[in-house]
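This is what each chain is made of:
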Amino acid sequence: MTCELCKKELSTFDIRLQDLLQGICLDCGKAGDWHHMTPEESRRCSELHAWANMTPSQRAAYDRNRGN
């Protein structure tokens, strides 16, 4: 599967949220400011986008701070 806007291959995160993203990737959704989503949906996608773009050390620190 590919993103309808940028034509890059969708990642597992993109595929997982296709019901919200409607054919685009997280990067294009963020670029469009989560245009067609409710505030709750945009928050969910924004948090996943931020987590997916963290380095392994940033993820470890994030998980430690959340108590995971």
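Definitions and limits used
- Residues numbered from 1 in each chain as written.
- Predicted model: local features only at pLDDT ≥ 70, side-chain atom pairs only at ≥ 80, totals over all residues.
- Heavy atoms only, no water.
- Helix = DSSP H or I, 4+ residues; strand = E, 2+ residues; numbered from the N terminus.
- Buried < 20%, exposed > 50% of the residue type's maximum accessible area, 1.4 Å probe, protein only.
- Contact = heavy atoms within 4.5 Å.
- Areas by Shrake-Rupley, 256 points an atom, 1.4 Å probe, with all protein chains shown as cover.
- Core = buried A, V, L, I, M, F, W, Y, C linked by side-chain atoms within 4.5 Å.
- Phe/Tyr/Trp six-rings, centres within 6.5 Å; stacked < 30°, edge-to-face > 60°.
- Salt bridge = Lys/Arg side-chain N within 4 Å of Asp/Glu carboxyl O.

Caption draft 1: Structural detail: the overall build of the protein. Helices and strands together make up the secondary structure of the protein, namely five helices and zero strands. Seen in sequence order, the protein has helices and strands lined up from the N terminus as α-α-α-α-α. With the C-alpha coordinates of the protein rotated into their principal frame, the extents come out at 35 × 25 × 20 Å. Burial analysis of the protein (68 residues in total) assigns 29% to the buried set. If you take every contact in the protein between residues at least 6 apart in sequence, the share linking residues at least 24 apart comes to 17%. If you sum the accessible surface of the protein, you get close to 4,800 Å²; carbon and sulfur atoms cover 51% of it.

Caption draft 2: Molecular detail of the nonpolar core. By size, the foremost hydrophobic cluster in this structure holds 13 residues, and its most contacted members are Cys3, Leu17, Leu21, Leu26, Trp34, Met37 and Cys45. Elements represented by at least two residues in this core include exactly α2 (18-21), α3 (26-31) and α4 (39-52). In this view, Cys45 contacts Leu17, Leu20, Leu21, Leu26, Trp34 and Met37; residues no more than four positions away in its chain are not counted.

Caption draft 3: Region of interest: the side chain of His49. Assignment of secondary structure puts His49 in helix α4. Looking at His49, the relative accessible area reads 12%, which means it is buried. Not counting residues within four places of it along the chain, the set of residues in contact with His49 comprises Leu26, Asp27, Lys30 and Trp34.

Caption draft 4: Expanded view of the packing of aromatic side chains. Scanning the model with the defined rule gives one aromatic pair in all. Residues Phe13 and Trp51 carry aromatic rings whose centres are separated by 5.8 Å and whose planes lie at 80 degrees to one another, so their mutual orientation is edge-to-face. Pair noted here: Phe13 is in helix α1 (residues 12-16) and Trp51 is in helix α4, with a separation of 38 residues, a long-range link. A residue is classified by how much of its surface remains accessible, and Trp51, at 26% relative accessible area, is partly exposed.

Caption draft 5: Representation of the pattern of salt bridges within the structure. Tallied over the entire structure, the rule returns two salt bridges. Across the salt bridge formed by Asp27 and Lys8, the nearest N and O atoms sit 2.5 Å from each other. With Asp27 in helix α3 and Lys8 in the segment before α1, the pair connects residues that are 19 residues apart, well separated along the chain. Since its relative accessible area comes to 36%, Lys8 is described here as partly exposed. Ionic pairing is found between Glu47 and Arg43, a salt bridge with its closest N-O pair at 3.4 Å. Residue Glu47 and its partner Arg43 are both found in helix α4; the two are separated by four residues, about one turn of the helix. Using a relative accessible area of 42% as the deciding quantity, one classes Glu47 as partly exposed. Residue classification places Arg43 among the partly exposed positions, given a relative accessible area of 44%.

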